[in-house]
Amino acid sequence: DVKVTQSSRYLVKRTGEKVFLECVQDMDHENMFWYRQDPGLGLRLIYFSYDVKMKEKGDIPEGYSVSREKKERFSLILESASTNQTSMYLCASSSLLRTGEEDTQYFGPGTRLTVL
Amino acid sequence: LAKTTQPISMDSYEGQEVNITCSHNNIATNDYITWYQQFPSQGPRFIIQGYKTKVTNEVASLFIPADRKSSTLSLPRVSLSDTAVYYCLVGDPALNSGNTPLVFGKGTRLSVIA
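Residues numbered from 1 in each chain as written. Chains lettered and ligands numbered in written order. Predicted model: local features only at pLDDT ≥ 70, side-chain atom pairs only at ≥ 80, totals over all residues. Heavy atoms only, no water.

Once that is clear, we can look at the pairing of strand β7 (residues 65–70) of chain A. Two strands pair when backbone bridges link them, and β7 of chain A and strand β8 (residues 73–78) of chain A are joined in this way by four bridges, in the antiparallel orientation. Considered in β8 of chain A, the bridge of V66 of chain A is made with L76 of chain A. (Pairing = 2+ DSSP bridges. Helix = DSSP H or I, 4+ residues; strand = E, 2+ residues; numbered from the N terminus.)

Residues and elements named next belong to chain B. Read across the sheet, five strands follow the order β1-β9-β8-β3-β4 without closing on themselves; strand pairing throughout is mixed. The open sheet has two edge strands, β1 (9–13) and β4 (45–50), and neither has a second partner. Going across the sheet, the axis of each strand differs from the next one's by a mean of 25°, ignoring polarity. Pairing of β1 with strand β9 (residues 108–113) involves five bridges; the strand directions are parallel. (Axes fitted to C-alpha atoms, helices over the stretch in contact; angles between N-to-C directions.)

Right, let's get into the sheet that holds β8 of chain A. Residue and element names in this part refer to chain A. Strand order in the open sheet formed by four strands is β1-β3-β8-β7, with antiparallel pairing between adjacent strands. The sheet is open, and its two borders are formed by β1 (4–6) and β7, each paired with just one other strand. Each strand axis lies, on average, 20° off the axis of its neighbour in the sheet, ignoring direction. Pairing geometry for β1 and strand β3 (residues 19–25), over three bridges, is antiparallel.

To continue, consider the interface of chain A and chain B. Counting residues at the interface gives 24 residues for chain A, matched by 18 residues for chain B. Both faces considered, chain A and chain B share a buried interface measuring about 1800 Å² in area, 60% of it formed by carbon and sulfur atoms. For the interface between chain A and chain B, the tally reads four residue pairs in polar contact (both at pLDDT 80 or more). Among the secondary structure elements, those contributing two or more residues to the side of chain A that touches chain B are β4 (31–38) and β5 (42–49) of chain A. (Contact = heavy atoms within 4.5 Å. Buried area = accessible area lost by both parts, 1.4 Å probe. Polar contact = N/O pair within 3.5 Å; in protein donor to acceptor, adjacent residues only side chain to side chain.)

What follows concerns the layout of surface pockets. In this structure, the largest pocket occupies an estimated 840 Å³ of space. Every element with two or more residues in the lining of the largest pocket is listed here: β4 and β9 (87–94) of chain A together with β8 (84–91) and β9 of chain B. Looking at the lining of the largest pocket residue by residue, the classes come out as 19 nonpolar, 16 polar and five charged. Space inside the second largest pocket adds up to approximately 420 Å³. Residue lining of the second largest pocket: 20 residues in total, with Y106 and F107 of chain A together with P44, R45 and F46 of chain B positioned closest to the centre. At the level of secondary structure, the elements contributing two or more residues to the lining of the second largest pocket comprise β10 (106–107) of chain A together with β4 of chain B. Looking at the lining of the second largest pocket element by element, the count peaks at three residues for β4 of chain B. Its residues assigned to classes, the lining of the second largest pocket comprises ten nonpolar, seven polar and three charged. (1 Å grid on protein atoms, 1.4 Å probe; cavity = no way out; pocket = protein on both sides within 12 Å on 5 of 7 lines; lining within 4 Å. Points joined across faces, edges and corners; volume = space filled by probe spheres on them. Nonpolar A, V, L, I, M, F, W, Y, C, P; charged D, E, K, R; others polar.)

This paragraph deals with the state of the cysteines. Residues and elements named next belong to chain A. Scanning the model with the defined rule gives two disulfides over all chains in all. With a sulfur-sulfur separation of 1.8 Å, C23 is cross-linked through a disulfide to C91. Between C23 and C91, the S-S dihedral sits near -75°, and the bridge is therefore left-handed. Taken together, the positions of C23 in strand β3 and C91 in strand β9 put the pair 68 residues apart, joining distant regions of the chain. Residue C23 is classed as buried on the basis of its relative accessible area, which comes to 0%. (Disulfide = S-S within 2.5 Å. Buried < 20%, exposed > 50% of the residue type's maximum accessible area, 1.4 Å probe, protein only.)

Right, dumping it as structure tokens:
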């Protein structure tokens with residue numbers, strides 16, 4: 001079974017703090033993703049990575065950065081947390097597709113971040 | 001990037017077949033259609049993916065007409081445990097080709113009533 005784990009289920013931080021959200025997958029997947037989910041807005045892609053040390057901006061990268069130093073780990077960084085970054089953060093991974101394979105993303109349980 | 005439109009919510013009684021339609025008028029040649037299911041306090045889970053015509057697995061069926069501008073997720077005989085949010089995604093699975101990966105929208109909240 002694919003397992004995607006996130007460092008915390010719940011996190012409370014103060015405005016201006018630097019926040020690290022860690023994601024680890026154990027299936028040797030090439031692709032990793034960070035989303036945030038807010039009521040009424042669905043899931044929105046923040047950043048993704050298709051290889052170690054590679055990163056691409058998603059739809060809402062402002063205020064975030066990422067790091068992928070190892071294949072299994074993808075970190076989301078909030079350089080200076082703000083109250084509008086209070087949200088549920090979801091990490092996902094997927095494998096590099098070969099012909100005929102389905103593009104399946106496997107999600108972690110999520111981290112509910114509150115910024116006070 | 002193909003944009004998707006799906007109903008915000010749907011209600012159904014247990015035992016009924018539920019069909020959720022998604023519109024994607026700007027779908028590109030290399031795009032696939034993928035559906036995910038999300039229960040409260042969990043990450044989304046893959047249900048089914050297709051390119052054209054009909055795809056069926058143990059969970060659902062996916063119907064895609066010839067013009068591919070829409071698709072319909074069909075859930076046979078739903079139960080209370082099928083209450084969830086269902087997302088329709090359209091995109092090119094070749095992530096590292098430089099194309100933007102699959103993008104989630106707001107989803108359809110399905111409520112199954114006893």
